[in-house]
Amino acid sequence: MEKSEMLKIIGQNVKRIRLEKGLTQVDLVGKIETRIDTTNISRIEKGRTNATIHTLFRISQALEVPLTEICDLNE
């Protein structure tokens, strides 16, 4: 699997979970404990940036899901 494909799937997972929880990107940023901005969330969701595992972990905590759900590459 190509790196770009992995990033896209992870981004889709973040977006899907966020929408299932009825959150906007701004809402999600507000729930993340450390500093991150909405443009970074947007880039992650579009698969345009390689988020660190720490950032993905913080997102998973804010979304109240296991990190494995965000990193699941089985579409």
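Residues numbered from 1 in each chain as written. Predicted model: local features only at pLDDT ≥ 70, side-chain atom pairs only at ≥ 80, totals over all residues. Heavy atoms only, no water.

Asker: Describe the environment of Lys-15, and please don't skip the residues or the numbers.
Answerer: Within the element layout of this structure, Lys-15 appears in helix H1 (residues 3–20). Lys-15 sits in the partly exposed class, given a relative accessible area of 40%. Taking the C-alpha atoms as reference, Lys-15 lies 5.7 Å from Glu-45; in sequence the two are 30 residues apart. (Helix = DSSP H or I, 4+ residues; strand = E, 2+ residues; numbered from the N terminus. Buried < 20%, exposed > 50% of the residue type's maximum accessible area, 1.4 Å probe, protein only.)

Asker: Mind laying out the pattern of salt bridges, listing which residues take part and the relevant values?
Answerer: Here the structure, examined in full by the defined rule, presents two salt bridges. Between Arg-16 and Glu-20 there is a salt bridge, with its nearest N and O atoms 3.4 Å apart. Linking Arg-16 with Glu-20, this pair stays in helix H1, spanning four residues, or about one helical turn. By relative accessible area, which is 35% here, Arg-16 ends up partly exposed. A relative accessible area of 56% places Glu-20 in the exposed class. (Salt bridge = Lys/Arg side-chain N within 4 Å of Asp/Glu carboxyl O.)

Asker: Give me the lowdown on the nonpolar core, citing residues and values where you can.
Answerer: Ranked by size, the top nonpolar core spans 17 residues in total, and within it Val-14, Leu-28, Ile-32, Ile-41, Ile-59, Leu-63 and Ile-70 carry the most contacts. Among the elements of the structure, H1, helix H2 (25–31), helix H3 (38–45) and helix H4 (53–63) are those that each provide at least two residues to this core. The leading source of residues in this core is H4, at four residues. (Core = buried A, V, L, I, M, F, W, Y, C linked by side-chain atoms within 4.5 Å.)

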